[in-house]
Amino acid sequence: MSPTTEHSYALTDRSANQVIIVANRLPVRQVEQDDGTMDWQTSPGGLVAAVKPAMHDQNLTWVGWAGGEGQSSPMSVDGIELIPVALSKTELANHYDGMSNGTLWPLYHDRAGPVEFHRTWFDGYRQVNDKFATAVADAAEPNAVVWIHDYQLQLVPGMLRERRPDLRIGFFLHIPFPPSELFIQLPWREAITRGILGSDLIGFQTASGAANFRRVAAELGVATREGSQRLRIDDRTIEIAAFPIGIDTDRYEKAARSDDVEDRARDLRARLGQPQTVLLGVDRLDYTKGIDVRLRAFLELLADGRLSSSHVTMIQVAEPSRDNVDAYINLRGRVEQLVGEINGDFGRVGFPVVHYIHQTHGFEDLLSLYRAADVMLVTPFADGMNLVAKEYVATRYDYTGSLVLSQFAGAAHELTDALTVNPYDIDAMKNAIASAIEMSPTEKQIRMQSLRLAVSNNTAPDWAASFLEKLGARAVATRPD
Ligand code: G6P
């Protein structure tokens, strides 16, 4: 992958011994041991799998929320020092449910859901960001590299720089950064922009996210442009670039080839009654994902007679998410009503047309679903990247299957041989689903070859290594001896 920056620097022997990842969640969960006691385990995949291979004999420390309320002590799991940040009920309500998921999430996703602005939410957001910054400032060795993640923690870079100017600070936004016209609606637009600009390196999923941020910072007068990729604030130059995130391709492909996953996929199709075509959607139950429009398109295709319920079955996995937030509760109602409508109108006893599962799935279960599906539907209204699209592609080692992909997912920039679709255009969505089903095996194969090349050319470890190398090298290059 090639970040859109003008220069590259080699790592020097001044690289730090400690790398600190700061993310809203710690990458661990509590699991029951054989003797009945509870212990922590790192969640496989995700950021951990991306970052660990990028370490150069450095110590990895992770600062994040351990889930739930209340205190846990620092611990070491799988060689990672974990520092939990405890959050109270009120802090969670204002920072997580409120400002993060009731204000920033819908605003940054093109107002796909209702956006609310509340000063109490922002106060809670600042308070929690301050807790994270304090935890990092206390844990960081001199000159450590700190990499802060995502929209929940945008004030942390600025707060941290004030306390610890010796640190090299990077920030990566996993979700879209919106166009200026949307962002400037935010009453706290300056504070957030300044917060992010506490970093030495700022990464976005796409070039347009990076361009939007540069424009906002310049228009608000918070920083000045320096060349086409950089901003200047006070006496510092900050690099702003696109670093599109990938997946751990080998892990997905290896598991997909296993007998266990193949058996499960075969068994799944048998239990569905051996339909000619299985359509699949896998999403968090989130209004940005376009689950309702996708179901409506499927309903209309059945009603128009373009698809037959005896040939086509759809599986929609909607993982529970943020279920204290009203917009998520309302979406659940809409989706479940549509599923009921489709099955009511077109199902037969013992053969529903849509199988809707509102549960979290484990890795192997997910893989067997990907392997059982002929058509993968990824149709968000807005999405930073969408890794489900890449995961599906990684499991199609036999060049079968087709991908219908929203043009508004970051992944669409790389997966150009998917059937791209505007999710706001229901007729286009219907046509894309029908084309995916009717596509010849040869065309599927040609498209899948190109999709697989794109996915394997930019893996999660590539992504983390390129960001961390740029961050380490940049700080050395801009810091006087
Ligand atoms: C998105 C965000 C992440 C977030 C994840 C799950 O991918 O970019 O920061 O962790 O959704 O959402 P949750 O609210 O459960 O952490």
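In this convention, every chain numbers its residues from 1, walking through the sequence in written order. For this predicted model, a pLDDT threshold of at least 70 governs which residues receive local features, and a threshold of 80 or more governs which side-chain atom pairs are given and counted, while totals over whole chains, interfaces and linings are taken from all residues. Side-chain figures throughout are based on the complete set of non-hydrogen atoms in the structure, without hydrogens or water.

A.B. asks: I keep staring at the overall build of the protein chain and nothing clicks. Help me out?
C.D. replies: When you go through the protein chain residue by residue, the secondary structure sums to 16 helices and 18 strands. For the protein chain, the C-alpha radius of gyration of 23 Å lies close to 23 Å, the compact-globule estimate for 481 residues. A simple rule labels every residue: compare its accessible area, found with a 1.4 Å probe on the protein chains alone, to the largest value its type can have, and call it buried under 20%, exposed over 50%, or partly exposed in between. Expressed as a percentage of its 481 residues, the buried residues of the protein chain come to 58%. Note that accessible areas follow from Shrake-Rupley with a 1.4 Å probe, and for residues the cover is restricted to the protein chains shown. When the accessible surface of the protein chain is summed, it comes to about 19600 Å², and 46% of that surface belongs to carbon and sulfur atoms. Charged-residue counts in this description rest on Lys and Arg as positive and Asp and Glu as negative, His and the chain ends being excluded. Each charge is placed at NZ for Lys, CZ for Arg, CG for Asp and CD for Glu. Taking the average location of the 47 positive side-chain charges in the protein chain and that of its 63 negative ones, the two points are 3 Å from each other. The helix count covers DSSP runs of H or I at least four residues long, the strand count covers runs of E at least two residues long, and both are numbered beginning at the N terminus. Two things to know: the radius of gyration comes from C-alpha atoms, and the globule rule equals 2.2 Å times the number of residues to the power 0.38.

A.B. asks: Explanation requested: the environment of Pro275 in the structure shown.
C.D. replies: Here Pro275 is to be found in the loop between helix 9 (259-271) and strand 13 (277-284). Look at Pro275 and you get buried, because its relative accessible area is 8%. Contacts are assigned to residue pairs that have any heavy atoms within 4.5 Å of one another. Ignoring sequence-local partners within four residues, the contact set of Pro275 consists of Arg269, His311 and Thr313.

A.B. asks: Looking at this structure, I do not really get the sheet that holds strand 10 (residues 224-226). What am I missing?
C.D. replies: The strands that make up a sheet pair up through hydrogen bonds in the backbone, lying either parallel or antiparallel. Here, strands pair whenever DSSP counts at least two bridges between them. Strands sit in the order 5-6-4-1-7-8-9-12-11-10 across an open sheet of ten strands; the sheet is mixed. Two strands bound the open sheet, and with one partner strand each, they are strand 5 (75-77) and strand 10. Put simply, the sheet's adjacent strands are angled 25° from each other on average, direction ignored. Angles run from 0 to 180 degrees between N-to-C directions of axes, and those axes are lines fitted to C-alpha atoms, restricted for helices to the stretch in contact.

A.B. asks: How should I be thinking about the packing of aromatic side chains in this particular structure?
C.D. replies: Centre distance and the angle of the planes are the two values used to describe a pair of aromatic rings. For Phe, Tyr and Trp, where Trp contributes only its six-membered ring, two rings pair if their centres lie within 6.5 Å, and the inter-plane angle classes them as stacked under 30 degrees, edge-to-face over 60, or tilted in between. One pass over the full model with this rule turns up 21 aromatic pairs. Between Phe122 and Trp188, the aromatic rings sit 4.9 Å apart at their centres with planes inclined by 10°, giving stacked as the arrangement. Linking Phe122 in helix 3 (residues 119-139) with Trp188 in the loop between helix 5 (180-183) and helix 6 (189-196), this pair joins segments that are 66 residues apart in sequence. Each of the two residues, Phe122 as well as Trp188, counts as buried. Relative to Phe213, the ring of Phe204 has its centre 5.6 Å away and its plane inclined at 35°; by these criteria the two rings are tilted. For the pair Phe204 and Phe213, one class covers both residues: buried. What links up through ring pairs into an aromatic cluster is the set Tyr108, Phe177, Phe183, Phe204 and Phe213. By definition here, charges over rings are those cases where NZ of Lys or CZ of Arg is within 6 Å of the ring centre and within 35 degrees of the ring normal. When the ring centre of Tyr252 is taken as origin, the NZ or CZ atom of Arg251, which lies over that ring, is 5.9 Å away.

A.B. asks: Sorry if this is basic, but what is going on with the site of the ligand here?
C.D. replies: Definition of nearness: a residue and a molecule or strand are near each other if at least one heavy atom of the residue lies within 4 Å of the molecule or strand. Surrounding the ligand, one finds Arg25, Tyr96, Trp105, Asp150, Tyr151, Gln152, His174, Ile175, Arg284 and Arg322. Whenever two N or O atoms come within 3.5 Å, that pair is a polar contact, provided that in protein one can donate a hydrogen and the other can accept it, and provided that, for residues adjacent in sequence, both atoms are side-chain atoms. Separating an oxygen atom of the ligand from a side-chain N or O atom of Asp150 is a distance of 2.5 Å. In the model, an oxygen atom of the ligand is placed 3.1 Å from a nitrogen or oxygen of the Gln152 side chain. Protein coverage of the free-state accessible area of the ligand, which is 380 Å², stands at 70%. Of the residues that constitute the shell around the ligand, the class distribution is four nonpolar, two polar and four charged. Each residue gets one label: Ala, Val, Leu, Ile, Met, Phe, Trp, Tyr, Cys and Pro are nonpolar, Asp, Glu, Lys and Arg are charged, and the others, such as Gly, are polar.

A.B. asks: Explain the pattern of salt bridges to me, please; I cannot follow it from the model alone.
C.D. replies: Any two side chains of opposite charge can pair, on the condition that their charged atoms come close. The working definition used for a salt bridge is a side-chain nitrogen of Lys or Arg within 4 Å of a carboxyl oxygen of Asp or Glu. Tallied over the full model, the rule gives 29 salt bridges. In this structure, the salt-bridge partner of Asp130 is Arg163, at a minimum N-O distance of 2.5 Å. Highlighted residues: Asp130 in helix 3 and Arg163 in helix 4 (residues 156-163), separated in sequence by 33 residues. One connected set of salt bridges, linked through shared partners, spans Glu181, Arg215 and Glu219.

So far we have only geometry, and geometry alone does not tell us how the molecule works.
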